[in-house]
Amino acid sequence: MITLYEEKFGFSKEASDCFEENFERIKSISGAVELLDEALKLYFDGDTASVENILCRVSEESGVHRFTLDMIFLLRGLEPLNLIYKQEGYSEELFVDTMRDLEYKLRECRQVYGVWGTFVFFWYHRFFTRDLFALGRLQYHRRPFPLEDYKGILHKDDTVYSCHIPACGPLRTDDVMDSLKRAHEFFKDELRDGILPVHCSSWLLYPPHAELLFPEGSNLKKFYELFDIVERKANPKNNDFFRMFGVHYSYEVLKNVEADTTLKRNFKEYLLKGNCMGTAHGIILFDGEKIISKHE
């Protein structure tokens, strides 16, 4: 058994069996498990470059797919991470809610690549440094404000709370507001005059998407409308295409991809006309009860 948490996170039996089988392959390689243990210590110490080198080596020597190995590595790190959570006064519920992200990325990897594992290993170091937490529907991590100025209130490198939207179901406004309230309470000792400055960079905030493609009254449109959009950027490579269609973008893929929802049909038509996707930065100033940032 690699971890007791796979069941709590909702891993399928097929996925768990895959990890058990591949871990047995790793154990058959002399010194491989010891290398993974060394990598875990380095990971908690912040030496991600050395960890990458070790994981590449173990993958090559064992024949275990790197995406699968990355997930095995992360699963093996859960017990020591949970102990640190407890030592730092965080609840078991917070730990499980936060690390459940592994299951979201597991499903995504299986859909996009047909492999049980994760293709975004880089994403998880902030989980292990306790810099990112799931608080209700959204996840938050501290980061320096990436823009020069926001209405004279936020300035470059001020601490903001960057929110992330895990792919785990509908994005209902009530759930988003509940999450903001949880975040306001969680970070209460760090607030600026009682205000939680929330930053989000996402394809969901790109104005052409919201204004042309999101159905009126939809959860996505309502989410977009919560934010003050402060910067946008087109992305001709359509890097976020996979988040909706479960496959990476190419024009050939676009022509043949299944569009079985209104949103997918809207995007497919939009892209076939030569348009591209994009991302945008949005800001919410939250006082614990309501959003006080104003749209211009």
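Asker: Help me understand helix α4 (residues 48-62) in this model?
Answerer: At 3.6 residues per turn, the α-helix brings residues three or four places apart onto the same side. A rise of 1.5 Å per residue sets the reference length of α4, with its 15 residues, at 21 Å; its end C-alpha atoms lie 21 Å apart and thus fit the reference within 8%. Three or more residues of α4 are buried, namely Val51, Ile54, Leu55, Val58, Ser59 and Ser62. Seen from one end, α4 has its buried residues packed into an arc of 135°, which puts them on one side. More than 90 degrees from the buried face of α4, the exposed residues found are Asn53 and Glu60. Residues of α4 that are buried sit in contact with α2 (13-27), α3 (32-45) and α5 (66-76). Within two residues after α4, glycine 63 carries a phi angle of roughly 80°, on the positive side.

Asker: Just to check I follow, could you spell out the pairing of strand β6 (residues 196-202) for this structure?
Answerer: Regular strands place their side chains on alternate faces of the sheet. With respect to burial, β6 is a largely interior element, six of its seven residues being buried. Pairing of strand β5 (residues 159-164) with β6, which is carried by two bridges, proceeds in the parallel orientation. Within the sheet, the bridge partner assigned to tyrosine 161 lies in β6 and is valine 198. The handedness of the β5 to β6 crossover, carried by helix α10 (residues 173-186), is right-handed.

Asker: Would you mind going over the layout of surface pockets with me for this structure?
Answerer: The method is simple in principle: a probe with the dimensions of a water molecule rolls over the atoms, and the space it marks as empty is what remains. There is about 1400 Å³ of room inside the largest pocket. What lines the largest pocket is a set of 44 residues, and nearest its centre among them are Ile165, Ser202, Trp203, Asp240 and Arg243. Of all the elements in the fold, those that place two or more residues in the lining of the largest pocket are α8 (101-113), β2 (138-144), β5, β6, α12 (219-225), α13 (241-245) and α15 (262-272). Here the lining of the largest pocket takes five residues from α8, the largest share from any one element.

Asker: Would you mind showing me how to read the pattern of salt bridges here?
Answerer: A side chain of one charge can pair with a side chain of the opposite charge if their charged atoms are brought near each other. Applying the stated criterion to the full structure yields 25 salt bridges. Here arginine 142 makes a salt bridge to aspartate 131, at a shortest N to O gap of 3.9 Å. One end of the pair, arginine 142, is in strand β2; the other, aspartate 131, is in the loop between α9 (125-128) and β1 (132-135), and eleven residues separate them in sequence. Between lysine 264 and aspartate 260 there is a salt bridge; the shortest N-O distance is 3.3 Å. Given the relative accessible area of 18%, lysine 264 is considered buried. Aspartate 260 sits in the partly exposed class, given a relative accessible area of 45%. Through salt bridges that share partners, Glu52, Arg66 and Asp70 make up one connected network.

Conventions and cut-offs
- Each chain carries its own residue numbering, running from 1 in the written order of its sequence.
- The predicted nature of this model means local features are confined to residues of pLDDT at least 70 and side-chain atom pairs, given and counted, to a pLDDT of 80 or more, with totals for whole chains, interfaces and linings taken over all residues.
- As a convention, hydrogens and water are excluded, and side-chain values are obtained from all of the structure's heavy atoms.
- Every helix listed is a DSSP run of H or I at least four residues long, and every strand listed is a run of E at least two residues long, numbered separately from the N terminus.
- By this rule, a helix spans an expected 1.5 Å times one less than how many residues it contains.
- Only protein chains enter the area calculation, which uses a 1.4 Å probe; residues under 20% of their type maximum are buried, those over 50% are exposed, and those in between are partly exposed.
- The directions from the helix axis to the C-beta atoms form the arc being described.
- Residues count as neighbours in contact if any of their non-hydrogen atoms are within 4.5 Å of one another.
- DSSP bridges decide pairing: two strands pair if at least two such bridges lie between them.
- Here, the term right-handed applies to a crossover whose path from the first strand over the helix to the second runs clockwise when the strands point away from the viewer.
- Each cavity reported here is a set of points on a 1 Å grid over the protein atoms alone in which a 1.4 Å probe fits but cannot get out, each pocket an open set with protein on both sides within 12 Å along at least five of seven lines, and each lining residue one with an atom within 4 Å of a point.
- Grid points are joined across faces, edges and corners, and a volume is the space filled by probe spheres set on the points.
- Criterion for a salt bridge: a side-chain nitrogen of Lys or Arg within 4 Å of a carboxyl oxygen of Asp or Glu.

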